[in-house]
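Spelled out, the chains give:
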There are 2 protein chains.
Amino acid sequence: MDWQKLLTQAGFRISKPRKQVMQLLESTQTPQTALAIYQQLRAQGARLSLVSVYRTLELFVSLGLISMVYEPEGSLGYVPASAGHHHYILCQVCHRAVEFAGTEDLAGLIYQVENQTQFLVSDHLLQFFGVCPKCQNKSKESA
Amino acid sequence: MDWQKLLTQAGFRISKPRKQVMQLLESTQTPQTALAIYQQLRAQGARLSLVSVYRTLELFVSLGLISMVYEPEGSLGYVPASAGHHHYILCQVCHRAVEFAGTEDLAGLIYQVENQTQFLVSDHLLQFFGVCPKCQNKSKESA
DNA sequence: CGCCTATTGAAAAACTTTTACAATAAGGAA
DNA sequence: TTCCTTATTGTAAAAGTTTTTCAATAGGCG
């Protein structure tokens, strides 16, 4: 189901700022902060406000349409979320975020942590950082 | 090695604010934000400034003396770091943070993610959230 | 004990996020 | 299509967080 139908069915309207924010997020492979989204859209001639960007991001996250990722420098970025898994690996060179399927592998880890700590695990935060294949090749060439 | 020796050997001084911040962090089991640390120390009669708390936390993190944890609500908390692993599981009821050893289990996960994404993994962010044994018992009793 | 300078505190600046409220526009109904 | 209702927006201000600046202070070595 596309995001517009989902919004409508949840009782929300398809406004201009919402379209613009989603379009921008879908057009990039790198997580974008609220401010970055605002600045890029303004540069493209859009007339939305930064407040709308914040409100839109909050709404989209709550509906599961986009995911938050923690950038290495501490800022919070947003990427479109696919259905299912929402774990990301970030390239430290080109900043691309790539999803990976880790659910079944995580199950084992969760089981071990529960045994070890006696906690009941209900949620987790998992991200990897590294260098993507493209950027590995680039550094090889220049070497 | 205790933190004061480590600080000295790294060329830093043992100042009053640094002692106070470390003492407070060591006295609690729950991650504390910069502001919370400041407010508690002031309530105890300490005369340090919030700026010093920020500076001290930054220094301690860079030296590996404390770790940052992401709170579910989005704020950043700090806890004393033990040598070695720095992965935490947070209780959503009492907010305690407990370290767990997950290095060897993670190795397998990292291997699979590298294979799947062709990334070279160099770092990761991993936290669990759940309910600790004590709080599980409490909810059983009241039920 | 005294000196050198790392560190602190106060104030201001910079930056980020939220709130309030009147104006606008999305989209169902006629 | 046009009208009407109200969700959503934009502006401005407030609230909150983190960083910077610089003179005063105090840690710790000689």
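Calculation notes
- Residues numbered from 1 in each chain as written.
- Chains lettered and ligands numbered in written order.
- Predicted model: local features only at pLDDT ≥ 70, side-chain atom pairs only at ≥ 80, totals over all residues.
- Heavy atoms only, no water.
- Buried < 20%, exposed > 50% of the residue type's maximum accessible area, 1.4 Å probe, protein only.
- Helix = DSSP H or I, 4+ residues; strand = E, 2+ residues; numbered from the N terminus.
- Pairing = 2+ DSSP bridges.
- Contact = heavy atoms within 4.5 Å.
- Near = heavy atom within 4 Å.
- Polar contact = N/O pair within 3.5 Å; in protein donor to acceptor, adjacent residues only side chain to side chain.
- Nonpolar A, V, L, I, M, F, W, Y, C, P; charged D, E, K, R; others polar.
- Least-squares fit on C-alpha atoms with pLDDT ≥ 70 in both.

Okay, the pairing of strand β1 (residues 66–70) of chain A next. Residue and element names in this part refer to chain A. Counting buried positions over the 5 residues of β1 gives 4, a clear majority of the element. Where β1 lies against strand β2 (residues 76–80), 5 bridges are found, and the strand directions are antiparallel. Opposite Ser 67, over in β2, you have Val 79 as the bridge partner. What sits between β1 and β2 in their antiparallel hairpin is a turn of 5 residues, with Gly 74 showing a positive phi close to 110 degrees.

Another point: the environment of Glu71(A). Residues and elements named next belong to chain A. With respect to the helices and strands, Glu 71 occurs in the loop between β1 and β2. Put simply, Glu 71 and Thr 33 are 38 residues apart on the chain and 9.5 Å apart in space, counted from C-alpha to C-alpha. Not counting chain neighbours up to four residues away, the residues in contact with Glu 71 comprise Pro 31, Gly 77 and Leu 90.

A few words now on the pairing of strand β4 (residues 97–100) of chain A. Residue and element names in this part refer to chain A. Alignment of strand β3 (residues 87–91) against β4, held across 4 bridges, turns out to be antiparallel. From the neighbouring strand, Leu 90 faces β4, where its bridge partner is Ala 97. Here β3 folds back onto β4 in antiparallel fashion, the turn holding 5 residues, of which His 95 has a positive phi close to 70 degrees.

The environment of DNA strand D is formed by 17 residues, the closest being Ser15(A), Ser52(A), Arg55(A), Ile14(B) and Tyr54(B). What you see for DNA strand D is that sugar and phosphate hold 61% of its atoms within 4 Å of the protein. Separating a phosphate oxygen of DNA strand D from a backbone N or O atom of Arg13(A) is a distance of 3.0 Å. Residue Ser15(A) places a side-chain N or O atom 2.6 Å away from a phosphate oxygen belonging to DNA strand D. Among the residues forming the surface near DNA strand D, the class breakdown is 8 nonpolar, 3 polar and 6 charged.

With respect to spatial proximity, 17 residues lie near DNA strand C, and among them Ile14(A), Tyr54(A), Ser15(B), Ser52(B) and Arg55(B) are the closest. When the atoms of DNA strand C within 4 Å of the protein are sorted by group, sugar and phosphate make up 64%. Within the side chain of Arg13(A), a nitrogen or oxygen atom sits 3.1 Å from a base nitrogen of DNA strand C. Within the contact set of DNA strand C, a phosphate oxygen lies 2.3 Å away from a side-chain nitrogen or oxygen of Tyr54(A). Listing elements by their share of the surface near DNA strand C, those giving two or more residues are α4 (50–62) of chain A together with α2 (16–27) and α4 (50–62) of chain B.

After a rotation of 180 degrees and a shift along the axis of 0.0 Å, chain B superposes on chain A with an RMSD of 0.0 Å. The superposition of one copy onto the other is thereby described by a two-fold rotation axis. For chain B, the smallest separation between a C-alpha atom and the rotation axis is recorded for Leu126(B), amounting to 2.3 Å. The fraction of interface residues of chain B whose copies in chain A are also interface residues reaches 100%, indicating that both copies meet through the same surface.

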